[in-house]
Amino acid sequence: MNKKNLLKKFMIFLGLGIILSFIISTIYINFTKLPNSIDNRLRDYFFTLRGEIPHEGNIVIINIDEASLKEVGQWPWSRPKVSQLLENLTNMDIGLIAFDMVFAEPDKSSPHKVFKKYGISRENTPNYDLILGNTVANTPTILGYVFEFTENKYIDKKAPQIPAIFIEKNKKLGDDFLLKAKGAILNVPEIQNKAYTSGFFNNIPDESGVIRSVPLIISYEDMIYPSLSLEVIRLISKTKKVIVNYDENGIINIKLNNLTIPTDRYGRLLINFRGKSKSFKYYSAKDILNGSIQKKELEGKIALIGTTAVGLLDLRATPFESVYPGVEVHANAIDNILVGDFLAKESWVDGANIWIIFLLTILTVLLITYLPFWLNPIITLFLLGGTVFVLYNLLFTYGLVLNIFFPLFSIVIAAIVVTLFDYFYEIKKEEAIKKKFASKVSKSVMENLLKDIDNNEFQAEEKEVTVFFSDIRNFTNISEQMDNANELITYLNEYMEPMSNIITEYEGTIDKYIGDSIMAYWNAPAEVSNHADKAVTASLKQIKQLIPLNRKLKRENKPPIDMGIGINTGKAIVGEMGSKGRSDYTVIGDAINLGARLESLCIFYDSKLNISNFTKEQLKNDYTFRFLDLVKVKGKKKPVEIWQVIDLGEPEEELKKELELYHEAINLYRNSNIKEALEIFENLENYDKKTNKKIYQIYINRCKEFILSPPTNFNGIYEHHSKI
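Residues numbered from 1 in each chain as written. Predicted model: local features only at pLDDT ≥ 70, side-chain atom pairs only at ≥ 80, totals over all residues. Heavy atoms only, no water.

Peer 1: An account of the pattern of salt bridges is requested, with residue identities and associated values reported.
Peer 2: On inspection of all chains with the given rule, the structure shows 29 salt bridges. We note a salt bridge from Lys512 to Asp511, for which the minimum N-O separation is 2.2 Å. Relative accessible area serves as the criterion here: at 28%, Lys512 is assigned to the partly exposed category. A relative accessible area of 9% means that Asp511 is categorised as buried. Among the charged side chains, a network of salt bridges with common partners joins Glu494, Lys552, Glu556 and Lys558. (Salt bridge = Lys/Arg side-chain N within 4 Å of Asp/Glu carboxyl O. Buried < 20%, exposed > 50% of the residue type's maximum accessible area, 1.4 Å probe, protein only.)

Peer 1: Break down unusual backbone geometry for me, with residues and values.
Peer 2: Residue Pro76 is bonded to the preceding Trp75 through a cis peptide linkage, with omega at 5 degrees. One can find Pro76 in the loop between α3 (66-72) and α4 (79-91). In this model, Glu507 sits at a positive phi of 70 degrees, which is unusual for a non-glycine residue. Along the chain, Glu507 turns up in the loop between α17 (485-505) and β19 (509-514). (Helix = DSSP H or I, 4+ residues; strand = E, 2+ residues; numbered from the N terminus.)

Peer 1: Outline the sheet that holds strand β4 (residues 165-169), listing residues and values.
Peer 2: Either a parallel or an antiparallel arrangement is found when strands of a sheet pair, and the pairing is made through backbone hydrogen bonds. Within the open sheet, the four strands sit side by side as β4-β10-β11-β12. Their pairing is mixed. The open sheet terminates on both sides in strands that have one partner only, identified here as β4 and β12 (259-262). Within this sheet the neighbouring strands show an average axis-to-axis angle of 25 degrees, counted without direction. Note that strand β10 (residues 241-247) and strand β11 (residues 250-256) share six bridges and pair antiparallel. Counted as the bridge partner of Val244 is Ile254 from β11. Strands in contact with helix α8 (residues 228-236) are β4, β10, β11 and β12; relative to β11, the strand with the most contacts, it is inclined by about 35 degrees. (Pairing = 2+ DSSP bridges. Axes fitted to C-alpha atoms, helices over the stretch in contact; angles between N-to-C directions. Contact = heavy atoms within 4.5 Å.)

Peer 1: Give me helix α11 (residues 326-339): which residues, what numbers.
Peer 2: Because each turn of an α-helix spans 3.6 residues, side chains separated by three or four positions end up pointing in the same direction. In this model, α11 (14 residues) spans 20 Å end to end at C-alpha, consistent with the 20 Å of a helix rising 1.5 Å per residue. The buried fraction of α11 is high, at twelve of 14 residues. Just beyond α11, the residue with positive phi is Gly340, at close to 90 degrees. (Expected span 1.5 Å × (residues − 1).)

Peer 1: How would you sum up the packing of aromatic side chains? Please name residues and give values.
Peer 2: Scanning all chains against the criterion turns up 33 aromatic pairs. When the centroid spacing of 5.3 Å and the interplanar angle of 80 degrees are considered together, the rings of Tyr669 and Phe714 count as edge-to-face. Separated by 45 residues along the polypeptide, Tyr669 in helix α22 (residues 653-670) and Phe714 in the segment after α24 (695-708) bring together distant segments of the chain. One exposure class covers both Tyr669 and Phe714, and it is buried. Connected via pairs of aromatic rings, a cluster forms that spans Phe46, Phe47, Phe273, Phe320, Tyr324, Tyr392 and Phe396. One cation-aromatic arrangement involves Lys281 over Tyr283; the distance from NZ or CZ to the ring centre is 5.5 Å. Here the guanidinium or amino end of Lys616 rests over the ring plane of Phe625, the centre of that ring lying 4.8 Å away. (Phe/Tyr/Trp six-rings, centres within 6.5 Å; stacked < 30°, edge-to-face > 60°. Lys NZ or Arg CZ within 6 Å of the ring centre and 35° of its normal.)

So yeah, pure geometry; function would need other evidence.
Structure representation (C-alpha cells):
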C-alpha cells in the first residue's frame, strides 16, 4: 500500500477510534450507576486476588461478643461495668481507647434514676452515667457518636466539642464537597461533657451496600468534625491544627502536622482492607473484665471497643466478606494511615480515566486494523490482560484507584466494532478487485492488490528480491519420447505440482511457467524475512523431492527427471507490467537476468543448484558449499562468484575432506600457484567417489592452458565466451 492510501486508511480508523472514545467517555460521565457498581465489584475481585496482607499490630479490638453477653448480661451493660472495662484497660497501660458505640440514653439501672422514679430523696445517690463520665475523663478514651443525614424533629442539634482547629485551604466560594449532617446522636451529657474528645463512627456504604470507604470529616452547622479514626490519628500525632486541602476538583488530602492523608474529592478514605474479618487481634470484653489477659499483650496498643454480636447490629458488607464487623472497618482505616499504604482516588482521576479510555480505544482500533485478522482475539486478550495487570499494580503498589470497568469495556467494544468495520471494509475491497481484474492472478499478487485497491495501477518499485529459475534437463529428448501432448502435459504436471507447492510453502511467489521452466521470486510482493535462506532451502527440498518422484516415474515406465536451479539476490524492478487490456505482475532487471544465467550454467559445472555470492552473503543457515567460479558479467565491472549448494548443514567426513582439498586447490589457483593447484585437481579427478564429474576437469584444462601460456596480471577471473 502506498503512502497516500496508508495515510487514508490510518485516518479512517483513527477517526473511528476517536468517535468510539467520545461515545464511551460520554457513557462514563453521564451514566455511572451500573458501570460504577461493576467497577467496584471488579476492584473487590482484585482484593480477593491479592489476599490478606499484614498490619502494624498496634491495633486491637475489645469485642462485646456473644461470650461476653452471656457472662455479663445483655447489652447495654450498666455504666459501672463499662467503667471497669476502661479502668482495666488503663491499668494494662493501654495507649488509647476508642468507642465504636454511643451511650445515647441514660442508664436506667442507675440508683439515682431509680430513686427519682419512685420519689425517694437521698444524698450522694450513685449516678452511673456520671461514674462512666469520670472514668472517661481519667482514662485515654475517645468517645464515639453518630451523625444523622435526614431531617427529623427529634434529632439533637447539639454538637460535640473537638479540641482542634480545622482549616480549609484553596476552597472556592460555593464549593460544597463534604457530607453535610442534619443532626447528631451524642452520648448523654454526663459522659459526653467529660470526654477530652470524640469522633463520629458513621460507616456509609455505597449504592451496592458495601463499605469501601469511610468519611474522615463531615460538615455540621458549618463546622468540620473528624471521624473516630481520624481523631485517633490526630491524638497520636499531637495535631492541633488540621488542614483540609482543596483543588478545583474537590478535596485532595487532609494534613495533620507532617502526615498527609489522601482522600477522594469528598474527604473519604478508600480503605485498603487487610483481609477478612478477624485480621486484627480480638480480645473478648469478658476476659478484660476478668483480668485474664496479660498486660504485655495490650501495653501501648490502640484499643477499639466494638461488637461482633449479631444481635447488636454492627455487621457490614466489605470487599472481602458480606458479614464484617463495623469496628474492624475503623481498625483498617487507622492502620492504613499508620502504615501509609493508602488507596487514593485523586481528584484528577476522572480526567485520567477519560484519557485512558481514549488511549486504549484508539490503540485497540489501530492494532486490530494493522495486524492479521487471526491475531484479533490474541491482541484483545493481551490488551485486557495487560490493562488488568497495570491497574492491579497501580492499585496495590502505588495506591492509585483508577476505573477498571471502562478501560476493559473500551477494549472489548473497540475490538468488536473495528473487527466488524474492517470486515466490511475488506469485503468492499475484494468486490472492487473482482471488478478491476477479470484475469486470474496468484494468491500473493491478489493479497497485494487488496492492499492497493485504491490505486489505478500497480505502482512499480525497486526492491531487493531473491529470484529463482529451474529447468528440466534434456526436456526436448524427454518430450520426443511421449506419445501425445496430453501424456506430456500429465508428465510435466507431475513434476510442476510438488515443485510449485514447495516454493509456496517457503513463501515464494511463482512468476510464470515457461515450458518446463519455473520462474519464482521471494520478498515480493510481500515482505519475506530471510528470503535468501528460504529460496535456497526450498530449492534443496525440490532436489530431494526428485527422488520419490523418479521412483514413481520409473514404476510408470516414464523417463526420470533431472533439474538445474539458479538463484540470485539483488535489486529489481517489481510491479505490474503490460497493457491496459492484459498485464502481469513481475520482476525485471540485471539481478533477474543473472539468476537465469546461473541456472543455465548448472550443466556446465555439473551442479544442480547454483547461487551467486550476492545470495550467499545473505544466508544465515548452515549449508555445504562448493566454490565453482569467479566470472565476469557482461556490462558489470565487478566479477560474480558462482557457488554450488550441495546440501543443508555440515558435510559428512568424506565429502568434507574432498571439499577442503578442492578449496585448497582453488586458493592456489587464484594466487597463481598453477602447478600446485593442477596436482590437486588431478588427484581429485582420479578420485573414485568424486561428487562432481566436471569441475575438476574444468580447472585441469585451465591450469594446463595457463602453464603453456601464462596470463599477465592473473586475478582468478574467468570469462565465458558465451553470454553471461
